[in-house]
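Each chain, written out:
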Amino acid sequence: MFKIFETKSTEECLCDKYTHLMHKSYKLALTDKEESDRLNERAKKILEELRRMKYDKIDY
């Protein structure tokens, strides 16, 4: 009924973090290549963690 009282699972939190980092990396790619690469690398590490957890809502 109220989503504000539901807690997110670890996988959902990591998925949200991955999405946020990828969007930010994409936006920075035009202005700051080094920062974009750094954020992209962090997002890849999160994706690998999600794959290790066998999170079923990511595309391989």
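How each quantity is defined
Residues numbered from 1 in each chain as written. Predicted model: local features only at pLDDT ≥ 70, side-chain atom pairs only at ≥ 80, totals over all residues. Heavy atoms only, no water. Helix = DSSP H or I, 4+ residues; strand = E, 2+ residues; numbered from the N terminus. Rg over C-alpha atoms; globule rule 2.2 N^0.38 Å. Buried < 20%, exposed > 50% of the residue type's maximum accessible area, 1.4 Å probe, protein only. Contact = heavy atoms within 4.5 Å. Lys, Arg positive; Asp, Glu negative; His and termini not counted. Charge placed at Lys NZ, Arg CZ, Asp CG, Glu CD. Expected span 1.5 Å × (residues − 1).

This part covers the overall build of the protein. In terms of helices and strands, the protein carries two helices and zero strands. For 60 residues, the compact-globule estimate of 2.2 N^0.38 gives 10 Å, and the C-alpha radius of gyration of the protein, at 14 Å, exceeds that figure by more than 25%. Along the first, second and third principal axes, the C-alpha atoms of the protein reach 40 × 25 × 15 Å. Taking all 60 residues of the protein together, the buried fraction comes to 20%. Of the contacts made within the protein by residues no fewer than 6 positions apart, 44% connect residues no fewer than 24 positions apart. Seen as two clouds, the 14 positive and the 13 negative side-chain charges of the protein have centres 1 Å apart.

The next point concerns helix 2 (residues 33-52). Compared with an ideal rise of 1.5 Å per residue, which puts 20 residues at 28 Å, helix 2 spans 29 Å between its outermost C-alpha atoms and is within 8% of the ideal. As for helix 2, its buried residues are in contact with helix 1 (10-28). Lys54, located one to two residues past helix 2, shows a positive phi value of around 60°.

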